[in-house]
Amino acid sequence: MTHSNPAHPALANCATNDADASHAGTAQRAPTELSLVGREAQHAQFEGARHGDGWRASDALRVSDELHRIAFDQAPTGMAYVGVQQCFTQVNERLCEMTGYSAAELLNMPIIQLTHPEDRAHDEPLLNAFLNGSAATYEAEKRYVRKDGGVRWVAVTARTVADELGQPLHRVSVIRDITEHKHNVLELQRAHRKLQSVLGSLTDGLLVLDHDWRYAYINEQGARMLGMRPEQLVGQRAWDDSSPHSDSQFQACCQRAVASGQPVRFEELQPPPLNFWLERNCYPCDEGLTVYFRDITDRKRVEEAQRQNAALFTAVLEQAPMGVYVVDADFKLLQVNSKAMPVFATVKPLLGRDFNDVMVTLWGPRLGPQLAAIFRHTLDTGERYESPPFVERRHDLGRDEAFEWETQRVTLPDGRHGVVCYFHEVTERARALASLQASQERTRLATEATGVGIWEWDLLTNQVHWNAQMFRIYGVAPTPNGLVRFDCWRDTFLRDDLAQQERALQATIAQTGQSHSAFRIRRADDGELRHIQSVAAARVNELGKTECVVGTNLDVTVSVQAEDRLRRLASELADTARRKDAFLATLAHELRNPLAPLRNGLELIKRAGSDTALTERARAVMERQVLHMVRLIDDLLDVGRISHDKLELRRQRLDLGAVLRQAVEAAAPDIDRCGHDLTLALPREPIWLDADPVRLVQVVGNLLSNACKFTAPGGRIALRAEREGQSVAVTVTDSGVGIASDMLGKVFELFTQAGAAQQRGGGGLGIGLALVKRLVEMHGGSVVARSAGVGQGSEFVCRLPLLADSAHAVQTAQTAQTAPVPVAAPTPAPGWRILVVDDNRDAADSLASILSLEGHRTHIAHDGAQALEMATALRPQVVLLDIGLPKLNGYEVCRALREQAWGKEIVVVALTGWGQEEQRAKTSAAGFDAHVIKPVDLDELAGLLVSLRAPVAHPSVQPSSQHP
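Q: I keep staring at the overall build of the chain and nothing clicks. Help me out?
A: Each helix and strand counted, the chain has 29 helices and 34 strands in total. Out of the 964 residues belonging to the chain, those deemed buried represent 40%. Partitioning the intrachain contacts of the chain with sequence separation of at least 6 by distance along the chain shows that 54% fall at a separation of at least 24. Carbon and sulfur atoms provide 53% of the accessible area of the chain, an area that totals close to 53,000 Å².

Q: Please explain the side chain of Arg-523 as it appears in this structure.
A: Within the secondary structure layout, Arg-523 lies in the loop between β20 (514–522) and β21 (529–540). Accessibility expressed as a relative area gives 16% for Arg-523, which makes it buried. For Arg-523, the side chain forms a polar contact with the main-chain oxygen of Arg-472, separated by 2.5 Å. Discounting chain neighbours no more than four positions away, the residues touching Arg-523 are Arg-472, Ile-473, Tyr-474, Gly-475, Glu-528 and Arg-530.

Q: For this particular structure, what's the right way to read the sheet that holds strand β8 (residues 215–218)?
A: Sheet strands associate in pairs through backbone hydrogen bonding, adopting either a parallel or an antiparallel arrangement. The five strands lie next to each other as β8-β7-β11-β10-β9, forming an open sheet whose pairing is antiparallel. Pairing within the sheet leaves two strands with one partner each, and these edge strands are β8 and β9 (264–269). When strand polarity is set aside, the average angle formed by the axes of neighbouring strands in this sheet is 20 degrees. Alignment of strand β7 (residues 205–209) against β8, held across three bridges, turns out to be antiparallel. Counterpart to Leu-209 in the pairing with β8 is Tyr-215.

Q: Looking at this model, I keep getting lost on the packing of aromatic side chains. Mind explaining?
A: Given two aromatic rings, their pairing is described by the distance between the two centres and the angle made by the two planes. Considering all chains together, one arrives at 17 aromatic pairs under this definition. With a centroid separation of 4.8 Å and 80 degrees between ring planes, the pair formed by Trp-489 and Phe-493 is classed as edge-to-face. Judged by its relative accessible area of 10%, Trp-489 is buried. Through pairs of rings, three or more aromatic residues link up here, namely Tyr-325, Phe-331, Phe-344, Phe-355, Trp-363, Phe-375, Tyr-385, Phe-403, Trp-405 and Phe-423. Above the face of the Trp-277 ring, Lys-300 is positioned so that its terminal group lies 4.6 Å from the ring centre. In this structure, Arg-394 is placed above the aromatic ring of Trp-363, and the distance from its NZ or CZ to the ring centre is 5.7 Å.

Q: Teacher, can you tell me more about the sheet that holds strand β30 (residues 833–837) here?
A: The sheet built from five strands is open, its strands ordered β31-β30-β32-β33-β34 with parallel pairing. One side of each edge strand has no neighbouring strand; the edge strands of this open sheet are β31 (857–861) and β34 (930–933). Strand-to-strand twist of the sheet, defined as the mean angle between neighbouring strand axes without regard to direction, takes the value 20 degrees. With five bridges connecting them, β30 and β31 associate as parallel partners. Looking at the pairing, Arg-833 lines up with Arg-857 of β31. Across the sheet, helix α27 (residues 890–899) is in contact with β32 (878–881) and β33 (907–912); its angle to β32 comes to roughly 160 degrees.

Q: How do you make sense of the packing of helix α20 (residues 656–674) against helix α21 (residues 693–709) when you look at a structure like this?
A: Helix packing for two helices is described by the angle between their axes and how far apart those axes are. Where α20 meets α21, the closest approach of the two axes is 8 Å, and the angle between their N-to-C directions is 25 degrees. Regarding the angle of α20 to α21, the classification is roughly parallel. At the point where α20 passes α21, the crossing takes the right-handed sense. Facing α20, whose interface residues are Val-659, Leu-660, Gln-662, Ala-663, Val-664, Ala-667, Asp-670, Ile-671 and Cys-674, α21 presents Pro-693, Leu-696, Val-697, Val-700, Gly-701, Leu-704 and Cys-708.

Q: How should unusual backbone geometry be read in this particular structure?
A: For residues that are not glycine, phi is negative in most cases, and the peptide bond is trans in most cases. A cis amide bond links Lys-348 to the next residue, Pro-349, at an omega of -10 degrees. Here Pro-349 is to be found in the loop between β13 (333–336) and α13 (355–381). Although it is not a glycine, Asn-462 sits at a positive phi angle of roughly 60 degrees.

Q: Hey, could you run me through the side chain of His-931 in this one?
A: Counting through the fold element by element, His-931 comes out in strand β34. Among the polar contacts made by the side chain of His-931, one reaches the side chain of Thr-923 at a distance of 3.1 Å. Beyond its immediate chain neighbours, meaning those up to four positions away, His-931 contacts Ala-910, Thr-912, Trp-914, Gly-915, Gln-919, Arg-920 and Thr-923.

Conventions and cut-offs
- Residues numbered from 1 in each chain as written.
- Predicted model: local features only at pLDDT ≥ 70, side-chain atom pairs only at ≥ 80, totals over all residues.
- Heavy atoms only, no water.
- Helix = DSSP H or I, 4+ residues; strand = E, 2+ residues; numbered from the N terminus.
- Buried < 20%, exposed > 50% of the residue type's maximum accessible area, 1.4 Å probe, protein only.
- Contact = heavy atoms within 4.5 Å.
- Areas by Shrake-Rupley, 256 points an atom, 1.4 Å probe, with all protein chains shown as cover.
- Polar contact = N/O pair within 3.5 Å; in protein donor to acceptor, adjacent residues only side chain to side chain.
- Pairing = 2+ DSSP bridges.
- Axes fitted to C-alpha atoms, helices over the stretch in contact; angles between N-to-C directions.
- Phe/Tyr/Trp six-rings, centres within 6.5 Å; stacked < 30°, edge-to-face > 60°.
- Lys NZ or Arg CZ within 6 Å of the ring centre and 35° of its normal.
- Parallel < 35°, antiparallel > 145°, perpendicular 65-115°, else oblique.
- Left-handed = near helix turned anticlockwise from the far one by under 90°.

What follows is the structure, given as structure tokens:
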């Protein structure tokens, strides 16, 4: 669509009469409004008018303007008219697309405003020359800044349109977007500069010959090597007499490379005055021939030096008085001197052979690679290796041979590392030495295998000789000749055992016989107690007199300790078995105790009829008994967590007084039921601790419960707390059955009950005090039990460290005093759609019935597959889901629910008997919102559901079955 300024002269002329005004309105329609048929009709009308069919000049003008407007609008490039004020007076849609401005924004905009600020300095002179008439046309490539800040490259061509008097009316501009082309050109320029930089950085020469053998290119370094400048060579024929490459060898190599299409390499010494060696590499290419050349004078000198060194190295090897051979850096056999050559007589070919193959040929597939690995290690690390004499069977000759040899890494004439081996044949000497060493080794292995120390006491010289095992047994540093002082042996004895051992030795000497004894020593080096069994025998001379005593010592400490440990373990196992039986009996007793009132309560409810008071009493009894069973199970779970270091404290700054009052409130029903007199002595000022409030309430509650259990009805219980330096002591005293003195150290062990407790009954499982001890120690404290004996009452004292930051504690106390009283959580609104999933039908039915009484719509499923099917049909708002289910377990059901779009907002609660931390982590990972332990506290469940996100009101689904 053409967009123009009404002030444009041409448009003003077109609007001088009503018919023209009507035509102007038509001209403002979009190009798409003028169909091809319409344009053809106008063209026909124009042609008919020319031949006299009602033709008027105004009609011709309108047709011409319309055709011009269509061409202007549909041009594939930007088109614009620019007025004498150098502003846009008419633009087409393509220019608007290129600049991002609307036509209204471009009209009357100065044309220079679109030009990039960095291009204006270059563009303004060209534009001014065009505008003042000194230039007939304007052509430029520049950058336009779009409205959104983007930059586009454009090519602009402009010409002036003048009236019949030659005065400029406006200027027509054609703008083409050349951004992609410009980027490609700039990228080529950058690549060219990069290539020039790379070629200029080469330290060797590079030149290109064209198909006429003229220099098309040579880099600075190459020209410098030839004693010239690049401009002196470019364009010159390579075979001219003035060319530095005019020699016939270079010409022949270049021609051979072009003819064969293969690279050609050669080396030559440059004639005077250059006098240096050049290595040339000729590579055929589409442009002709590329020649890479470099100065190799230094390398030639090194090669000559290496040749001379190799000759000297060979001469030295030949004059060596022993066999010598060399392995090079490629692990190939390089040289063998004449004295070594007989050893390798069976290896053919020899020189240049892989050294591993050589060793396998000589010594076989087992030993050969091992020997080759030694050479490889020396070559890689430079570490020398000296071989002891050894006898091995030659694989190639079938006979035993032995050598003494060593390896050493050396620098070879070519400048790389190699390995030189020097060797002597020592076959006979090695056989004798091997035989002796084998005998000694057998003796050593025999004594070490049995752990036997051997000693010999020469009575004539009073010298004592020990073997190596004796020194190890007694913890004495070995002497070079194995001789020790007699006192060295005697000083290690325990005093109680020394006299007996000396008497045994004297009896052996006097009777020229043999003795057996056992004694204890303390090792000289570490003082460790060891148990020794000794055998001594007298050796007599030809006169029948004892001249020495030979004996053995065997360290039997491990056996003695094992026997002691077995006896101790047997006793502990017997005690553990006894405690286990007592615990199982107590557990059965404690679990059966609540069952009787539970059964009685059920019977009472059955027979109560309309007696609501009797029903309420029965319900209260059953609730207390259920809570009692829950506490028993919770204590057992806590013991398991502590035993496996999985119980974590949730510490916070707290006032001990608040903890003690909460514990008293929890224990009050039991104390009142037993008729005990409870005395409290709590400090008036706050005592601040860094502790877990729940666990401290559990500690004090267990101590109060323990006192209540073991005190006869009407007894006295006292709880007091007082500061003791940097700690606080919490003491629970009772007038109960007391603790026997031999049980004071055991009452904190698991499953332990005092005899009086067992006889009295109702003593619990023996885990409450164990929990107290472990929880207090986890807080950095300690607990002790005191009692004057059976029937004298008991006292338990817990000491806990005070909080160091007292200032912060005071501030916390003030904050706590002004803190608002927590408001009880609201109960859930009735009418929720709840799916209960449990394979225990009684549990599922009872829970669903209770929830139905609260006004909720409940549904029941008894396995995982049924739960998914019903959830898909019902779209419940809450799912109470057991974990151990048939077909699909609770984790799988929860994951499947969360995969559904409608299942992401469902509240899913795990109802399970598993309460360990790892189980809670698994339910959280599976997508559960909460984890609730069975049996379910209904008030807790209601508060939990309210605290979670509000259930989403899914579209109503007609249930297949609903709990009544």
